[in-house]
Amino acid sequence: MTRESTVRIGLVLPDVMGTYGDGGNAVVLRQRLRMRGYDAEIVEIPLTEPVPNSLDLYTLGGAEDSAQRLATRHLQRYPGLQEAAGRGAPVLAICAAIQVLGHWYETSSGERVDGVGLFDVTTSPQDKRAIGEVATQPLVPGLSQPLTGFENHRGGTKLGGDAKPLARVTKGVGNGVGDGLEGVMQGSVLGTYMHGPALARNPELADYLLGRALGVDSLAPLELPEVEQLRRERLRA
Ligand code: GLN
């Protein structure tokens, strides 16, 4: 990818997936690219359109159970996201999107829904809803800063052998099946239960995804004191 070409960020199904301002993740990615002199744009993919496979990176937000089911059906019908992930395009999946991209998930009412199969994970409702701040230490090479976010989910996600955890929980619940893990990494697809939006609170994670989209090992740091201040406040909380 050269600085002359436009980096295209897919905001997948914002009309059904995007609780707690998760669409902000795409805005953060676009802004961090523009600040470094790249041309960047957000491509919104609503439920009325097929999912293109040609974008440079993709983000999906969280959702309520019924909206999540609509999104699952759409992604199965138009497999552009799966094709893009197959060629290594980075994908960020928040909360319900982890569940949708797994093999299957069970809703709070006990209905089992087949997922998209990009993650080797399954999700079942837990007795207690996980709500509140979550803080973690990343387990993925290339990430060293603590990750923070806000979680609100009833589903608990179990990782299979092909799925690696994103981080170890230091506060809060995370994946919610008692293994102390948070999030999932598989190939170029990364999932986390952290809302926030996650990339506004965790700039290192934003740059990790951008580095993969641009095909570079590291990006020049950005001096953004207000982002650092937000991080300090959140870590203190
Ligand atoms: N409906 C899912 C659950 O409760 C996901 C919720 C969310 O995305 N915030 O587990």
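A quick note: this is a predicted structure, and the numbers were derived from the prediction, not measured.

## A look at the UniProt feature "binding site: substrate" (unreviewed entry) in the protein chain
Right, on to step 1. The UniProt record marks Arg129 with the feature "binding site: substrate" (unreviewed entry), using the residue numbering of this structure.
Right, on to step 2. Its location among the elements puts Arg129 in strand β7 (residues 121-138).
Right, on to step 3. Using a relative accessible area of 40% as the deciding quantity, one classes Arg129 as partly exposed.
Right, on to step 4. Residues in contact with Arg129, not counting those within four places in the same chain, are Asn152, His153 and Arg154.
Right, on to step 5. Looking at Arg129, its side chain comes within polar contact range of the side chain of Asn152, at 2.7 Å.

## Here's the deal with the site of the ligand
Right, on to step 1. Taken together, 13 residues form the shell around the ligand, and within it Ala63, Asp65, Cys95, Asn152 and Gly155 come nearest.
Right, on to step 2. Asp65 places a polar side-chain atom, nitrogen or oxygen, 2.7 Å from a nitrogen atom of the ligand.
Right, on to step 3. The backbone of Gly155 places a nitrogen or oxygen atom 2.8 Å from an oxygen atom of the ligand.
Right, on to step 4. Here the ligand has 300 Å² of accessible area as a free molecule, and 95% of this is covered by the chains.

## Quick notes on the pattern of salt bridges
Right, on to step 1. Applying the stated criterion across every chain yields a total of seven salt bridges.
Right, on to step 2. With its nearest N and O atoms 3.2 Å apart, the salt bridge here joins Arg8 to Glu41. Of this pair, Arg8 sits in strand β1 (residues 6-12) while Glu41 sits in strand β2 (residues 39-45), placing them 33 residues apart in sequence.
Right, on to step 3. For Glu41, a relative accessible area of 33% gives the class partly exposed.
Right, on to step 4. A salt bridge links Arg112 to Glu106; its shortest N-O distance comes to 3.3 Å.
Right, on to step 5. Salt bridges sharing common partners tie together Arg32, Arg36 and Asp207.

## Points about the UniProt feature "active site" (unreviewed entry) in the protein chain
Right, on to step 1. Mapped onto the present numbering, the UniProt feature "active site" (unreviewed entry) falls on Cys95 and His195. In sequence the annotated residues extend across 101 residues, while in space they remain close, none of their C-alpha pairs exceeding 7.6 Å.
Right, on to step 2. Mapped onto the elements, Cys95 comes out in the loop between β4 (91-94) and α4 (96-101).
Right, on to step 3. Overall, the relative accessible area of 5% leaves Cys95 in the buried class.
Right, on to step 4. Beyond its immediate sequence surroundings of up to four residues, Cys95 is in contact with Gly62, Asn152, His153, Thr192, Tyr193 and His195.
Right, on to step 5. Considering the arrangement of structural elements, one finds His195 in the loop between β12 (189-192) and α5 (198-201).
Right, on to step 6. The exposure class assigned to His195 is buried, which follows from its relative accessible area of 1%.
Right, on to step 7. Those residues within four positions of His195 in sequence are excluded, and the remaining contacts are Thr19, Tyr20, Asp22, Gly62, Ile94, Cys95, Gly149, Phe150, Glu151 and Asn152.
Right, on to step 8. At 2.9 Å, the side chain of His195 forms a polar contact with the side chain of Asp22.

## Some words on the sheet that holds strand β11 (residues 184-186)
Right, on to step 1. With mixed pairing, the six strands of this open sheet are ordered in space as β2-β1-β3-β4-β12-β11. Both outer strands of the open sheet, β2 and β11, are each paired with one neighbouring strand and no more. Sheet twist, expressed as the mean angle between neighbouring strand axes with direction ignored, is 15°.

Basis of the calculations
- Residues numbered from 1 in each chain as written.
- Predicted model: local features only at pLDDT ≥ 70, side-chain atom pairs only at ≥ 80, totals over all residues.
- Heavy atoms only, no water.
- UniProt positions renumbered as here; feature names shortened; annotations may be inferred.
- Helix = DSSP H or I, 4+ residues; strand = E, 2+ residues; numbered from the N terminus.
- Buried < 20%, exposed > 50% of the residue type's maximum accessible area, 1.4 Å probe, protein only.
- Contact = heavy atoms within 4.5 Å.
- Polar contact = N/O pair within 3.5 Å; in protein donor to acceptor, adjacent residues only side chain to side chain.
- Near = heavy atom within 4 Å.
- Areas by Shrake-Rupley, 256 points an atom, 1.4 Å probe, with all protein chains shown as cover.
- Salt bridge = Lys/Arg side-chain N within 4 Å of Asp/Glu carboxyl O.
- Pairing = 2+ DSSP bridges.
- Axes fitted to C-alpha atoms, helices over the stretch in contact; angles between N-to-C directions.

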